[in-house]
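Summary of the model geometry
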Amino acid sequence: MTSTAAPWSQPPVKVGLVGAGPWAQGVHARVLAAGPETELAGVWARRPEAAQETAAPYGAPVAARFEELLDSCEALAFAVPPAVQAELALRAAKAGKAVLLEKPIAEDLGAARRLVDAIDEAGVVSQVTLTNRYHPETRRFLAAAGKADVFGARAAFLSGAFLGGAFSTPWRLEHGALLDLGPHALDLLDAAVGRIVRVRGAGDSRRWIELTCEHENGAVSQASLSGSVNVSPGVSRIELFGSGPELVFDSDALDHEESWPVLRREFATAVRTGVSGGLDARRGLHLQTLIAQVSDG
């Protein structure tokens with residue numbers, strides 16, 4: 001883990017923000033503008049008034065066109081639907097810009113592969129905003145899991161986000177929990193238990209879906225996903241079982257504000273060194289491949 005305690009001695013990375021929805025306003029713009037590792041270099045969105053609203057609190061410029069934002073920054077952060085991200089991030093990579101991607105990195109596996117190919121060909125840095133993975137408590141849990149003899153696990157990622165509110169968005173309502181919550185669940189199970197090689201699903205992603213994962217080391221895990229249940233607060237929990245004591249990770253008990261300084265420092269470090277970390281676009285492609293196994297049945 002990159003330390004956020006040491007002073008940042010390099011120039012801030014100029015990051016342009018693509019998107020101006022609630023997540024862009026509430027997280028990306030605020031986190032990037034906070035520095036010292038990054039500077040919010042500009043905002044572009046398809047709705048100029050929303051872009052202005054997002055940029056104004058930080059005195060950041062608003063780009064009239066996506067190409068204008070590209071020209072003004074070293075890196076781009078995306079807070080847009082997966083299909084839009086895959087298209088625009090591909091263009092950013094081809095223009096030589098580092099990319100900070102949301103999960104999932106695309107709407108489908110083909111688009112994810114094209115994006116990762118473009119990133120690889122351009123040799124640019126990439127990173128995926130898997131929120132939990134930047135929290136110190138998550139990293140302590142994964143370190144403990146790495147020392148344990150785990151041969152079974154279960155997870156539940158449940159919320160009422162699709163019932164209304166800021167995250168009841170068209171792409172989430174269309175694709176459901178598999179595309180929205182699936183990357184979080186599969187990423188943590190893969191990291192905690194062992195690389196997942198096969199996933200099967202049962203149920204309706206727009207209501208409730210159950211995943212059964214087979215891991216490379218022979219372990220088996222299951223995950224329950226739903227964004228359409230009347231539960232408050234939400235449930236984000238993983239339990240690991242094996243020859244030793246049970247290990248439990250409860251994401252809802254965490255203060256996610258602790259994740260953002262780590263994410264910002266690690267992205268800026270990657271850009272300045274030219275070396276992506278483990279949570280890069282290829283990680284996103286692995287998760288997208290697992291999701292496609294379920295979608296393709």
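Now for a quick tour of the structure. It should be emphasised that the depicted structure is a prediction, and the values quoted were computed from it without experimental measurement.

**Brief notes about the pattern of salt bridges**
Any two side chains of opposite charge can pair, given that their charged atoms come close. Tallying each qualifying case throughout the model produces 19 salt bridges. Glu67 is the salt-bridge partner of Arg65, the closest N and O atoms lying 3.5 Å from each other. When its relative accessible area of 48% is taken as the criterion, Arg65 is described as partly exposed. Between Glu67 and Arg91 there is a salt bridge whose closest N-O contact spans 2.3 Å.

**Digging into the sheet that holds strand β11 (residues 247-250)**
Through backbone hydrogen bonds, the strands of a sheet pair up, either in parallel or in antiparallel fashion. Taking strand neighbours across the sheet as the criterion, the 6 strands line up as β7-β8-β9-β6-β10-β11 in an open arrangement whose pairing is mixed. Bordering the open sheet on either side are β7 (196-204) and β11, each of which pairs with just one other strand. Taking each pair of neighbouring strands and ignoring which way they run, the sheet shows an average axis angle of 10 degrees. Packing of helix α11 (residues 281-295) onto the sheet brings it into contact with β7 and β8 (208-215), and relative to β7 it is tilted by some 45 degrees.

**Digging into the sheet that holds strand β3 (residues 75-78)**
Strand order in the open sheet made by the 5 strands is β2-β1-β3-β4-β5, with parallel pairing throughout. A strand with exactly one partner marks an edge of an open sheet, and here the two such strands are β2 (38-44) and β5 (126-128). Across the sheet, the mean angle from the axis of one strand to that of its neighbour is 20 degrees, orientation sign disregarded. Two elements, β3 and strand β4 (residues 98-101), share 3 bridges in a ladder whose sense is parallel. Note that in β4 the partner of Leu76 across the bridge is Val99.

Rules behind the numbers
- Residues numbered from 1 in each chain as written.
- Predicted model: local features only at pLDDT ≥ 70, side-chain atom pairs only at ≥ 80, totals over all residues.
- Heavy atoms only, no water.
- Salt bridge = Lys/Arg side-chain N within 4 Å of Asp/Glu carboxyl O.
- Buried < 20%, exposed > 50% of the residue type's maximum accessible area, 1.4 Å probe, protein only.
- Pairing = 2+ DSSP bridges.
- Helix = DSSP H or I, 4+ residues; strand = E, 2+ residues; numbered from the N terminus.
- Axes fitted to C-alpha atoms, helices over the stretch in contact; angles between N-to-C directions.
- Contact = heavy atoms within 4.5 Å.

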